Amino acid sequence: MVLKNYDELIAKVKALPQAKRVIVAAAGDEHTLEAIVEAEKEGIVIPVLVGDAAVIREICTKIGLKVAEEDIYDVPDADEAAAKAVALIHEGKGDFIMKGKMETSQILKPVVNKETGLGTGRVMSHFVLDELPYYHKLIVTTDGGMMTYPTLEQKRDIIVNTVETLKALGYENPKIGCVACVEKVNPKMPETVEARELQEMNERGEIKDCTVCGPISLDIALDKDIAQVKGFDHPVAGDADVILVPNIQVGNVLGKSITVISRGRMAGFIVGAQVPIVMTSRGSSAEEKFLSLALAAAVSAAK
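Residues numbered from 1 in each chain as written. Predicted model: local features only at pLDDT ≥ 70, side-chain atom pairs only at ≥ 80, totals over all residues. Heavy atoms only, no water.

A.B. asks: I keep staring at the pattern of salt bridges and nothing clicks. Help me out?
C.D. replies: Pairing between side chains becomes possible if they bear opposite charge and their charged atoms approach one another. Taken as a whole, this structure holds 17 salt bridges when the rule is applied. Here Glu-30 ties to Lys-62 by a salt bridge, and the two come within 3.1 Å at their closest N and O atoms. Here Glu-30 is found in helix α2 (residues 30-41), whereas its partner Lys-62 is found in helix α3 (residues 53-63), with 32 residues between them in sequence. On the basis of relative accessibility, which here comes to 26%, the residue Glu-30 falls in the partly exposed class. For Lys-62, a relative accessible area of 61% translates into the label exposed. In this structure, Lys-167 engages Asp-209 in a salt bridge whose closest nitrogen and oxygen atoms are separated by 3.1 Å. Residue Lys-167 is found in helix α6 (residues 152-168), and its partner Asp-209 is found in the loop between α7 (190-203) and β8 (211-216); the two are separated by 42 residues along the sequence. Because the salt bridges share partners, they merge into one network encompassing Lys-137, Lys-175, Asp-239 and Asp-241. (Salt bridge = Lys/Arg side-chain N within 4 Å of Asp/Glu carboxyl O. Helix = DSSP H or I, 4+ residues; strand = E, 2+ residues; numbered from the N terminus. Buried < 20%, exposed > 50% of the residue type's maximum accessible area, 1.4 Å probe, protein only.)

The following block contains the structure:
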């Protein structure tokens, strides 16, 4: 199956037999807990809150969020709250993590800890699911928030992370476009060389359960008419499920263009860990946080 819009995703999550437990680290943040309220009303999540208990209770009273007393952990220090959230995952107290009022580096430190963290042996990457006004289905952009300048091997891992995540959502053979500003290999443009190498890895069976094309320009990846005019014939052309960007700069600009210029909807989280890790930015809307919770719940249910 392929998700066409967020309404389909939310319907999918609401049909789950039970809500998923989200552990919110440094949960004393009103905007974060407002998203939790909405997700709880929809039957998507059950909150487990870690942070300054007095602040958490005050916010919960203000916004009407009811949380079982045993699901509030009084850990006022943000670094300790992050470590406690990871520990609670290991204890089976939650299905995924959400970052609250803390820096990204604070939640990632215990997550990537080699002895007590949530690593799987691969790189962790940022997975964003976008709903565009004029595209015929939801599309993934990766990685615009975690890996800065990934190597060829790290790009392969990003693809593997992305494919596994999409398989959890019901996709069978996602189409992945490794984008560059041109669709031909140019030795002076390393991103085009690596894009072709990724396609060849896929063709040799080294990257499985997907179809990879690269290099491919963004317009060809998203528009069949443009692909036809340019004479580009490939299953990914005009029908990409995933846009793999060459570096974080491209991913960041593309992501903000989708939400700010195109007024698209987005949700995202960190993949490649043992559980999803929702890490929305300070500027994220309540809707984005809610959609990210729904996305993480859907994926964690499959895992």
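A.B. asks: I keep staring at unusual backbone geometry and nothing clicks. Help me out?
C.D. replies: Most peptide bonds adopt trans geometry, and most residues besides glycine take a negative phi value. Put simply, Thr-142 and Asp-143 share a cis peptide bond, and its omega is 5°. Position of Asp-143 relative to the elements: it lies in the loop between β6 (139-142) and α6. Geometrically, the link from Gly-214 to Pro-215 is a cis peptide bond, its omega value of -5° lying close to zero. You can see Pro-215 is positioned in strand β8. Backbone geometry places Ala-26, a non-glycine residue, at a positive phi of 60°. Looking at the element boundaries, Ala-26 is found in the loop between β1 (20-25) and α2. Look at Ala-26 and you get buried, because its relative accessible area is 9%. At Asp-209, a residue that is not glycine, the phi angle is positive and equals roughly 60°.

A.B. asks: What's the story with the nonpolar core in this structure? I'm lost.
C.D. replies: Most often, soluble globular proteins keep nonpolar side chains buried together rather than apart. Counting 62 residues, the largest nonpolar core has Leu-49, Leu-198 and Leu-295 as the members making the most contacts within it. Sort the elements by how many residues they give to this core and helix α11 (residues 286-302) lands first, with nine residues. Those residues in contact with Leu-198 that sit more than four places away from it in its chain are Leu-152, Lys-155, Arg-156, Ile-159, Cys-178, Ile-207, Val-212 and Leu-244. Of all hydrophobic cores here, the second largest spans 26 residues; its members include Ala-25, Ala-78, Ala-85 and Met-124. (Core = buried A, V, L, I, M, F, W, Y, C linked by side-chain atoms within 4.5 Å. Contact = heavy atoms within 4.5 Å.)

A.B. asks: Teacher, can you tell me more about the environment of Phe-96 here?
C.D. replies: Among the structural elements, Phe-96 can be located in strand β4 (residues 96-99). Here the alpha-carbon distance between Phe-96 and Val-275, two residues 179 residues apart in the chain, equals 5.3 Å.

A.B. asks: Explain the layout of surface pockets here, please?
C.D. replies: Using a probe with the size of a water molecule, rolled over the atoms, empty space left in the structure can be pinpointed. Its boundaries defined by the atoms lining it, the second largest pocket holds a volume of some 250 Å³. Put simply, the parts of the chain that give the lining of the second largest pocket at least two residues each are β6, α8 (218-222) and α10 (248-261). Counting residues per element, the lining of the second largest pocket draws most heavily on α10, at three residues. Split by residue class, the lining of the second largest pocket holds 10 nonpolar, three polar and one charged. (1 Å grid on protein atoms, 1.4 Å probe; cavity = no way out; pocket = protein on both sides within 12 Å on 5 of 7 lines; lining within 4 Å. Points joined across faces, edges and corners; volume = space filled by probe spheres on them. Nonpolar A, V, L, I, M, F, W, Y, C, P; charged D, E, K, R; others polar.)

A.B. asks: Explain empty space enclosed by the protein to me, please; I cannot follow it from the model alone.
C.D. replies: Inspection of the entire model under this criterion finds one cavity of 30 Å³ or more. Quantified by volume, the largest cavity comes out at close to 50 Å³. Forming the boundary of the largest cavity are Lys-155, Cys-178, Val-179, Glu-191, Ala-195, Leu-198, Leu-244, Val-245 and Pro-246. Per-element accounting of the lining of the largest cavity gives the leading share, three residues, to α7. Its residues assigned to classes, the lining of the largest cavity shows seven nonpolar, no polar and two charged.

A.B. asks: What am I meant to see in the side chain of Asp-29 here?
C.D. replies: Looking at the element boundaries, Asp-29 is found in the loop between β1 and α2. Although Asp-29 lies buried, it forms no salt bridge, and the closest oppositely charged side chain, Lys-289, sits 4.1 Å away as judged by the N-O distance. A polar contact is formed between the side chain of Asp-29 and the side chain of Thr-32, at a distance of 2.6 Å. Ignoring any residue separated from it by four or fewer positions in sequence, one finds Asp-29 in contact with Ile-59, Lys-101 and Lys-289. (Lys, Arg positive; Asp, Glu negative; His and termini not counted. Polar contact = N/O pair within 3.5 Å; in protein donor to acceptor, adjacent residues only side chain to side chain.)

A.B. asks: Can you help me understand the pairing of strand β10 (residues 265-271) in this one?
C.D. replies: The side chains of a regular strand alternate, residue by residue, between the two faces of the sheet. Taking burial as the measure, the seven residues of β10 include six buried ones, the bulk of the element. Pairing of strand β5 (residues 125-131) with β10, which is carried by seven bridges, proceeds in the antiparallel orientation. The partner of Ser-125 across the bridge, within β10, is Val-271. (Pairing = 2+ DSSP bridges.)

A.B. asks: Help me understand the packing of aromatic side chains, please; the structure alone is not making it clear to me.
C.D. replies: For any two aromatic rings, the description comes down to two numbers: the centre-to-centre distance and the angle of the planes. Counted under the stated rule, the structure contains one aromatic pair. Relative to Phe-269, the ring of Phe-127 has its centre 5.6 Å away and its plane inclined at 55°; by these criteria the two rings are tilted. Remark: Phe-269 occurs in strand β10 and Phe-127 occurs in strand β5; sequence separation between them is 142 residues. With a relative accessible area of 0%, Phe-269 lands in the buried category. (Phe/Tyr/Trp six-rings, centres within 6.5 Å; stacked < 30°, edge-to-face > 60°.)

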